[in-house]
Amino acid sequence: MPLPKAELHLHIEGTLEPELAFALAARNDVPLPYADTEELRRAYLFDDLQSFLDLYYGLMAVLRTEDDFAELADAYLARAAAQGVRHAEIFFDPQAHTARGVPLDTVIDGLSRALNASQERHGVSTRLILCFLRDQSAESALATLEAAKPHLHRITAVGLDSAEVGHPPAKFREVYEMAAALGLRRVAHAGEEGPPEYIRQALDILGVERIDHGLRCVEDPELVARLVRDRVPLTLCPLSNVRLRAIDVLEAHPLPRMMEAGLLCTVNSDDPAYFGGYVDDTFHAVREALGLSEERLRELARNSFEAAFLDDDEALRQRYLAEVAAYEFA
Ligand code: ADE
Ligand code: ZN
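Residues numbered from 1 in each chain as written. Chains lettered and ligands numbered in written order. Predicted model: local features only at pLDDT ≥ 70, side-chain atom pairs only at ≥ 80, totals over all residues. Heavy atoms only, no water.

**Remarks on the pattern of salt bridges**
Now for step 1: Tallied over the full model, the rule gives 28 salt bridges.
Now for step 2: D74 is the partner of R121 in a salt bridge, and the nearest nitrogen-oxygen pair spans 3.6 Å. Residue R121 is found in helix α6 (residues 104-122), and its partner D74 is found in helix α4 (residues 66-82); the two are separated by 47 residues along the sequence.
Now for step 3: Residue class for R121 comes out exposed when judged on its relative accessible area of 57%.
Now for step 4: We classify D74 as buried; its relative accessible area is 17%.
Now for step 5: In this structure, E219 and R216 form a salt bridge, with 2.7 Å as the shortest nitrogen-oxygen distance.
Now for step 6: For E219, a relative accessible area of 49% gives the class partly exposed. (Salt bridge = Lys/Arg side-chain N within 4 Å of Asp/Glu carboxyl O. Helix = DSSP H or I, 4+ residues; strand = E, 2+ residues; numbered from the N terminus. Buried < 20%, exposed > 50% of the residue type's maximum accessible area, 1.4 Å probe, protein only.)

This is how it looks when you write it as structure tokens:
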């Protein structure tokens, strides 16, 4: 039985496995520039974040109907449950779909259908996080949040993703102010490829409660001290960092040093269809490569529930934490 955990950094579009991509391409009559799933998998050799994003946005062309989004999310939740995930906070990229002519309602209705059935079908509680694409304009982000207003009861938080360098958090001050006024929680990718300064901006200007990745905080001891003091959760994604060449090899990942320093770290899968593993695969990989003790793994699981947006159901959080405490490693 896998260690119970929450997944807090997961792009639903990044769970599109080659087999489902080809099935949806056939169903929707969308041409793909790959002969088969093998050829597509062979394209998963990335130099950096941008080279991954080019493929990731391209493959989304197969997602067209409400059923497609529901199937995608349900397939992820089934896999997540098998990996010990009890609670999943799921990112989606509305602008990547509306720009292709897929209505926002189609995306949110499809995802919500799978998420609403998840507790009963898979035993996984869920939250939905709407992400703005930071390489699009601030006006486009504002229009996206405006368009999402009829769906706010199904959205817990806003996030910020896509190409980081050259698109600092400060660019999105206004839309994050609007999100806060609407009662939404706030997170943002920062310090994946971008400098520590982007992490500071995400905290100071966007008012985020968690930093997605945050890897490059280790370059700035003062920032580390602040993140430790304020118990700001970091949603780290070690397999993603290796595949996108933020670090050379998993053995060089700073996770053990970060935990040692007192940072509130969590381990997540980011885009598991592309990066070679779902979240329990990631736990196993870091255990092997970094020699993490069972107590460190338990701490990561505990952190994931402590950092989860479960404030509206503290009883559920406590139940999950009790499961982590009682877990016996094989
Ligand atoms: N969108 C999907 N995965 C991402 C990542 N790792 N960083 C930024 N944007 C993303
Ligand atoms: Zn991400």
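The structure having been displayed, the exposition proceeds.
**Some remarks on unusual backbone geometry**
For residues that are not glycine, phi is negative in most cases, and the peptide bond is trans in most cases.
Now for step 1: Phi at D29 takes a positive value of approximately 60°, unusual for a residue other than glycine.
Now for step 2: Its place among the elements puts D29 in the loop between α1 (18-28) and α2 (37-42).
Now for step 3: Judged by its relative accessible area of 69%, D29 is exposed.
Now for step 4: Positive phi is not limited to glycine here, since R231 has a value of about 50°.
Now for step 5: Its location among the elements puts R231 in the loop between α10 (221-229) and β7 (234-236).

**Re the side chain of K5**
Now for step 1: In this structure, K5 sits in strand β1 (residues 5-11).
Now for step 2: In this structure K5 comes out as buried when scored by relative accessible area, which is 0%.
Now for step 3: A distance of 2.9 Å separates polar atoms of two side chains, one belonging to K5 and the other to D280.
Now for step 4: Among residues more than four places away in sequence, those in contact with K5 are Q83, G84, V85, R86, H87, V279, D280, F283, S304 and F305. (Polar contact = N/O pair within 3.5 Å; in protein donor to acceptor, adjacent residues only side chain to side chain. Contact = heavy atoms within 4.5 Å.)

**Some thoughts on the layout of surface pockets**
Now for step 1: In this model, the largest pocket occupies a volume close to 270 Å³.
Now for step 2: In terms of lining residues, the largest pocket is bounded by 14 residues, among which T126, R127, H153, R154 and T156 are the most central.
Now for step 3: Of all the secondary-structure elements, those providing two or more residues to the lining of the largest pocket are α6 and β3 (125-133).
Now for step 4: Split into classes, the residues belonging to the lining of the largest pocket amount to 4 nonpolar, 5 polar and 5 charged.
Now for step 5: Here the second largest pocket defines a volume of roughly 210 Å³.
Now for step 6: Lining the second largest pocket are 13 residues, and of these L3, H284, R287, Y327 and F329 sit closest to its centre.
Now for step 7: Listing elements by their share of the lining of the second largest pocket, those giving two or more residues are α14 (279-290) and α15 (294-306).
Now for step 8: Per element, the largest residue contribution to the lining of the second largest pocket is 4 residues, and it comes from α14.
Now for step 9: Residue composition of the lining of the second largest pocket, by class: 8 nonpolar, 1 polar and 4 charged. (1 Å grid on protein atoms, 1.4 Å probe; cavity = no way out; pocket = protein on both sides within 12 Å on 5 of 7 lines; lining within 4 Å. Points joined across faces, edges and corners; volume = space filled by probe spheres on them. Nonpolar A, V, L, I, M, F, W, Y, C, P; charged D, E, K, R; others polar.)

**Here's the deal with α15**
Now for step 1: Given a rise of 1.5 Å per residue, 13 residues ought to cover 18 Å, and the 18 Å separating the end C-alpha atoms of α15 matches this to within 8%.
Now for step 2: Those residues of α15 that fall on the buried side of the exposure criterion are L297, R298, E299, L300, A301, N303, S304 and F305.
Now for step 3: Looking at the buried residues of α15, the elements they touch are β1, β2 (85-92), α12 (255-260), β8 (265-267), α14 and α16 (314-326). (Expected span 1.5 Å × (residues − 1).)

**Some details on the environment of P31**
Now for step 1: Structurally, P31 is set in the loop between α1 and α2.
Now for step 2: Between the C-alpha atom of P31 and that of N268, which follows or precedes it by 237 residues, the distance is 32 Å.

**Thoughts on the sheet that holds β7**
Now for step 1: Strand order in this open sheet of 8 strands is β1-β2-β3-β4-β5-β6-β7-β8, and the pairing throughout is parallel. Of all strands in the sheet, those with a lone pairing partner are β1 and β8, marking the two edges. Ignoring strand direction, the axes of neighbouring strands in this sheet form an average angle of 25°.
Now for step 2: As paired strands, β3 and strand β4 (residues 157-161) are joined by 5 bridges and run parallel to one another. Within β4, the residue paired with C131 across the bridge is G159. (Pairing = 2+ DSSP bridges. Axes fitted to C-alpha atoms, helices over the stretch in contact; angles between N-to-C directions.)

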